[in-house]
Amino acid sequence: MTPTAVEAAALARIAEAEQVIDRLHAANDPLLEEHLYEAWLRKGEALAQLGRHAERAALCDALTAHADAAPAGRALWMVQASNAKGLAWRALGDAGSEIGAYEEVERRFADATTPEVRTWVAHAAFQRAVVAGSLGGAFAKVDMVRHCEDIARRYANDAPEATREIVARARIWRAELLADLDYPALSREAFDGIWQDLAYAPEHSVAVRVGHARINQAVGLAEAGRRLEEAIPMLDEVLAAYAGDTCEGLREVHARAGFLRADMLDDAGEYASALAACDDVLAAHLADELPGVALRACRAMALKTHVLFRLERDDEVPAVRAALIARFNHHTGADIEELMAEVMCRSAYDAEAPEDVLPLCDAFDARFGESTLVPVRRWVARAGMARGQALRDIGRSEDAAAVYEAMHARFGRHTGETDAALLLTATRGAMAGASVSRGLGGRNDEAIALYEAAASGIDADASQALREEAVYARLQIMALRDEPADVQAPMLNALAADFGRDAVPDLRRQVVDALYSHAHELREAEAFEEAIAAYDRLLALTAEESDAQVLQIVASALLNKGYLLLKLVDRPAEALVVYDEIVARFRNIT
């Protein structure tokens, strides 16, 4: 559904629920109250879809007040309303009120004996543990560890699957809190206990929770560097436990464990084993249309291409990529779309001949050119770069320049784009377009315009990659304009202000080198006072400099300034001060 369709459907559900509420309120028939409360809750869910969370909270209060005034036996609707109210407060960002809603459920209904009511009480207790444990400090986490223990103890023997799932989630959350509190041994013991007790639980929802928790535990061990000795064997346990299971949730658990096992083997440099693990995932899940399973199969196929490159079996990669595209081309899930875009774009980059790149880019654009997904748009921009380079390589420079310019026009900062990766690629597109225009001859004005577009809006707060492009672009603009040295001063002042004290030494070197060259040009033009001022600007900028290569430029600038003062303007006293500065500043440098 489109956002508009979702909104229309939610409004229709609200209208339908309000009709039921009005009719049943007027009827005042105890036998129909169940339908009244159901309509109230449906209306609340629809309000949440529309982002009208405060109205949902008020609606829950109205339901509770009505149920409180009714005869006994309305607890099931009251606990549902209070849990829904907690969700409304969560959406509004009010953790205190959310916790209060859950605590009210526990206070009023902790002694309930009806299984359905106990499920909702357990749900409220668990949600309180999640919120308080997530937002609180160490003491709050310790309290919630105990609270989770209490949930597991109190509801351990309840029969409903929903309650047993909550107990499993509480045990998992306790283990995660122990890890957050830096009790690794206790956390490991807790996770191991959950796996031993519940991996083969008859309730599929419980087993799914436990399977994902075991996988998460393995991921944590891999991140801690214990990939081969502990994490992969743990994934092997998951794969053995759920192999061939037809439950949708457990198929996803199995596929996820299989892909992560292959990924960990690749990270460990066990490429042959990683390839075999990818094939295991594909053998078990390639034909599965369940979205979560299909995603892992797609990832395994993409990983397989990477591993084949590692094994220097490059000739097998095109067939695997073609099979991936054929298998998943009809899927429209965002994650699979991103993987498909990556694979198709990389195919263009890896083409052996530039003539082969263009039809691959055509196919890519036909499939993804109008995508609104940011991760896919990044690959659209990169495909534009591949197309531009291929056109340059086959001598179609005019077309290449047009492609680069169009790519920057679509994704550049001036469009309001904020994604850092897209902005970087668009900037590089403008830079490439400028380079092509320069090479065409007589089109320096176009090149300057593209360099200016590339550098526009990039300052000291931008990423290092963007700052590098901006510095290079500004230097190229000055070179293309080829203006007299005295006219360049304002642009150099701006360059020094923006990047002269950059954290990256190489960027500082480029700026300082430009200032040095400018001072030298002024001296050669016999504009001696302006040259002295230019050297002073450089020296003021680098007063705290520590980079050895920048300091070499500084030393040369001091020597040149001293020579200028002594020999060219006959101010020996000032020259002596400069030479004293050289001795003082560089006496300990070898």
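Anything mentioned here points back to the structure above.
How each quantity is defined
Chains are numbered independently. Their residues run from 1 in the order of the written sequence. Totals for whole chains, interfaces and linings use every residue, but because this is a predicted model, local features are given only for residues with pLDDT of at least 70 and side-chain atom pairs only at 80 or more, for both listing and counting. Only hydrogens and water are removed before side-chain values are computed, so all heavy atoms of the structure are retained for them. In this description a helix means any DSSP run of H or I spanning at least four residues, a strand means any run of E spanning at least two, and both kinds are numbered starting from the N terminus. Only protein chains enter the area calculation, which uses a 1.4 Å probe; residues under 20% of their type maximum are buried, those over 50% are exposed, and those in between are partly exposed. Working convention: axes come from line fits to C-alpha atoms, limited for helices to the stretch in contact. Angles between N-to-C directions cover 0 to 180 degrees. Our angle categories are set so that under 35 degrees counts as roughly parallel, over 145 as roughly antiparallel, 65 to 115 as roughly perpendicular, and the remainder as oblique. Two residues form a contact once any of their heavy atoms are found within 4.5 Å. For this classification, the nonpolar set comprises Ala, Val, Leu, Ile, Met, Phe, Trp, Tyr, Cys and Pro, the charged set comprises Asp, Glu, Lys and Arg, and every other residue, Gly included, is treated as polar. Multiplying one less than the number of residues by 1.5 Å gives the expected span of a helix. The reported arc concerns the directions from the helix axis to the C-beta atoms and nothing else. Lining residues are defined by having an atom within 4 Å of a point belonging to a cavity or pocket. Those points lie on a 1 Å grid over the protein atoms alone, cavities being sets where a 1.4 Å probe fits but cannot get out and pockets being open sets with protein on both sides within 12 Å along at least five of seven lines. Grid points are joined across faces, edges and corners, and a volume is the space filled by probe spheres set on the points. Here the aromatic set is Phe, Tyr and Trp, taking the six-membered ring for Trp, and pairing holds for ring centres within 6.5 Å; pairs whose planes are under 30 degrees apart are stacked, those over 60 apart are edge-to-face, and all others are tilted. Should the NZ of a Lys or the CZ of an Arg lie within 6 Å of a ring centre and within 35 degrees of the ring normal, that charge is described as sitting over the ring. Salt bridges, as used here, are contacts in which a Lys or Arg side-chain nitrogen is within 4 Å of a carboxyl oxygen on Asp or Glu.

Chemist: Looking at this model, I keep getting lost on unusual backbone geometry. Mind explaining?
Modeler: Both trends apply: most residues other than glycine have a negative phi, and most peptide bonds are in trans. In this model, D182 sits at a positive phi of 65°, which is unusual for a non-glycine residue. You can see D182 is positioned in the loop between α8 (161-180) and α9 (184-198). Overall, the relative accessible area of 61% leaves D182 in the exposed class.

Chemist: Where do I start with the packing of helix α10 (residues 204-223) against helix α12 (residues 248-267) in this structure?
Modeler: Where α10 meets α12, the axes come as close as 9 Å, and the angle between the chain directions of the two elements is 10°. Considered as vectors, α10 and α12 are oriented roughly parallel to each other. For the pair α10 and α12, contact is made by H204, A207, V208, G211, H212, I215, N216, A218, V219 and A222 and by G249, L250, V253, R256, A257, L260 and M264, respectively. For the contact of α10 with α12, a count of residues per class yields eleven nonpolar, five polar and one charged.

Chemist: What am I meant to see in helix α21 (residues 444-455) here?
Modeler: Think of an α-helix as turning once every 3.6 residues; residues three or four places apart then point the same way. Here α21 is twelve residues long and its end C-alpha atoms lie 16 Å apart, about the 16 Å a rise of 1.5 Å per residue gives. Among all positions of α21, only A447, I448, L450, Y451, A454 and A455 are buried. With its buried residues spanning 165° around the axis, α21 presents them on a single face. Those residues of α21 that are buried are in contact with α19 (397-411), α20 (420-440) and α22 (464-481). Phi turns positive one or two residues past the end of α21, at G457, with a value near 80°.

Chemist: Honestly, empty space enclosed by the protein in this entry has me stumped. Any pointers?
Modeler: Sizing a probe to match a water molecule and rolling it over the atoms shows the empty space that remains. On inspection of all chains with the given rule, the structure shows one cavity of 30 Å³ or more. Each pocket or cavity is described by its volume, and for the largest cavity that value is around 50 Å³. As for the largest cavity, its lining consists of W40, L41, G44, R56, L59, C60, L63, A81 and A84. Residue assignment for the lining of the largest cavity shows that the elements contributing at least two residues are α2 (33-49), α3 (53-69) and α4 (75-91). A total of four residues in the lining of the largest cavity trace back to one element, the largest contributor, which is α3. When the residues that make up the lining of the largest cavity are grouped by side-chain class, the tally is seven nonpolar, one polar and one charged.

Chemist: Is there a simple way to explain the layout of surface pockets in this structure?
Modeler: Taken as a whole, the largest pocket encloses approximately 370 Å³ of empty space. As for the largest pocket, its lining consists of 15 residues, of which A179, S187, Q217, G220 and L221 are closest to the centre. Counting residues per element, the ones that place at least two in the lining of the largest pocket are α8, α9 and α10. If one sorts the elements of the lining of the largest pocket by residue count, α10 sits on top with six residues. Residue classes in the lining of the largest pocket are distributed as six nonpolar, four polar and five charged. By volume, the second largest pocket is sized at about 290 Å³. Contributing to the lining of the second largest pocket are 14 residues, with R299, A302, L303, L339 and E342 lying nearest its centre. Contributions of two or more residues to the lining of the second largest pocket are made by α14 (291-310) and α16 (334-350). Grouping the amino acids of the lining of the second largest pocket by side-chain chemistry returns six nonpolar, two polar and six charged.

Chemist: Where do I start with the packing of aromatic side chains in this structure?
Modeler: Any aromatic ring pair is given by two values, namely how distant the centres are and how the planes are angled relative to each other. One pass over the full model with this rule turns up four aromatic pairs. Taken together, a centroid distance of 6.1 Å and an interplanar angle of 15° make the contact between Y37 and W40 stacked. Highlighted residues: Y37 and W40, both in helix α2, separated by three residues, approximately one helical turn. Between F364 and F368, the aromatic rings sit 5.4 Å apart at their centres with planes inclined by 45°, giving tilted as the arrangement. Linking F364 with F368, this pair stays in helix α17 (residues 354-368), spanning four residues, or about one helical turn. Judged by its relative accessible area of 1%, F364 falls in the buried class. With relative accessibility at 1%, the residue F368 sits in the buried group. Connected via pairs of aromatic rings, a cluster forms that spans Y37, W40 and W77. The ring of W379 is capped by R382, whose NZ or CZ atom sits 4.4 Å from the centre of that ring.

Chemist: Could you clarify how one ought to interpret the pattern of salt bridges in this entry?
Modeler: Where side chains of opposite charge bring their charged atoms close, a pairing between them can arise. Applying the stated criterion across every chain yields a total of 50 salt bridges. The partner of R128 in a salt bridge is E103, with the nearest N and O atoms 3.8 Å apart. Of this pair, R128 sits in helix α6 (residues 115-135) while E103 sits in helix α5 (residues 95-109), and the two are 25 residues apart along the sequence. With relative accessibility at 38%, the residue E103 sits in the partly exposed group. Look at the salt bridges and you will find they share partners, linking R188, D192, R214, R226, E230 and E237 into a network.

All we've got here are geometric facts, nothing functional implied.
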